[in-house]
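# Coordinates in review
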Amino acid sequence: MTDTVVHNVDENRFEIYSDNELAGFAEYSESNGVRDFHHTVTYPQFRGRGLAAVVVREALVQTQSDGKKIVPSCSYVEKFVAQNPEFQILV
């Protein structure tokens, strides 16, 4: 299986595709250079494969590359950042 993360700017979310099928996303709102990640979804048929971590990691890497900060309103993103100290500088 191939997993791919795409930044869907029009929908304000990072999407993860598994074999070209949308498997989930990390959604955000953006204001003044800050992305508020407020919702992370993995569709039921794709759960248990670690895809939420993949999409959130890539979303944070791209956010850092874009020179932006984050607000981890989503409990999953908050937990992910707490467990991955390299992303705490974004908060």
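Residues numbered from 1 in each chain as written. Predicted model: local features only at pLDDT ≥ 70, side-chain atom pairs only at ≥ 80, totals over all residues. Heavy atoms only, no water.

### Considerations on the packing of aromatic side chains
Summed over all chains, the structure comprises five aromatic pairs. Seen in terms of ring centroids, Phe14 and Tyr28 are 5.8 Å apart; in terms of plane orientation they differ by 40°. Their pairing is tilted. Pair noted here: Phe14 is in strand E2 (residues 13-18) and Tyr28 is in strand E3 (residues 21-31), with a separation of 14 residues, a long-range link. Across the pair, exposure class does not vary: Phe14 and Tyr28 are buried alike. (Phe/Tyr/Trp six-rings, centres within 6.5 Å; stacked < 30°, edge-to-face > 60°. Helix = DSSP H or I, 4+ residues; strand = E, 2+ residues; numbered from the N terminus. Buried < 20%, exposed > 50% of the residue type's maximum accessible area, 1.4 Å probe, protein only.)

### A short note on helix H2 (residues 75-83)
Turning to H2, its buried residues number three or more, namely Val77, Phe80 and Val81. All buried residues of H2 lie within an arc of 95° about the axis, which places them on one face of the element. Facing away from the buried side of H2, by more than 90 degrees, are the exposed residues Ser75, Ala82 and Gln83. (Arc of directions from axis to C-beta.)

### Concerning the environment of Tyr43
By the secondary structure assignment, Tyr43 is in the loop between strand E4 (34-42) and helix H1 (51-65). Its relative accessible area of 28% is what places Tyr43 among the partly exposed residues. Note: C-alpha distance between Tyr43 and Val91 (48 residues apart in sequence) is 27 Å. When sequence neighbours within four positions are dropped, the list of residues in contact with Tyr43 reads Leu22, Ala23, Gly24 and Phe25. (Contact = heavy atoms within 4.5 Å.)

### So, the sheet that holds strand E5 (residues 69-71)
Each strand in a sheet pairs with its neighbour through backbone hydrogen bonds, running either in the same direction (parallel) or in the opposite one (antiparallel). Read from one edge of the open sheet, five strands run E1-E2-E3-E4-E5, paired in mixed fashion. Each having just a single partner strand, strand E1 (3-8) and E5 make up the two edges of the open sheet. The sheet shows a mean angle of 30° between the axes of neighbouring strands, taken without regard to direction. (Pairing = 2+ DSSP bridges. Axes fitted to C-alpha atoms, helices over the stretch in contact; angles between N-to-C directions.)

### Focus on the pairing of E4
As paired elements, E3 and E4 share eight bridges and run antiparallel to each other. Each bridged residue has a counterpart across the sheet, and for Phe25 the counterpart in E4 is Val41. The antiparallel pairing of E3 with E4 creates a hairpin that spans two residues between the two strands, and Asn32 there sits at a positive phi of about 50°. When E4 meets E5, the two strands line up parallel, connected through three bridges. Residue pairing in the sheet places Asp36 in a bridge with Val71 of E5.

### Structural notes on unusual backbone geometry
We note that Asn12 has phi near 55°; this positive angle belongs to a residue other than glycine. Within the element layout of this structure, Asn12 appears in the loop between E1 and E2. With a phi close to 50°, Asp19 is a non-glycine residue in the positive phi region. Its place among the elements puts Asp19 in the loop between E2 and E3. The exposure class of Asp19 is partly exposed, given its relative accessible area of 42%.

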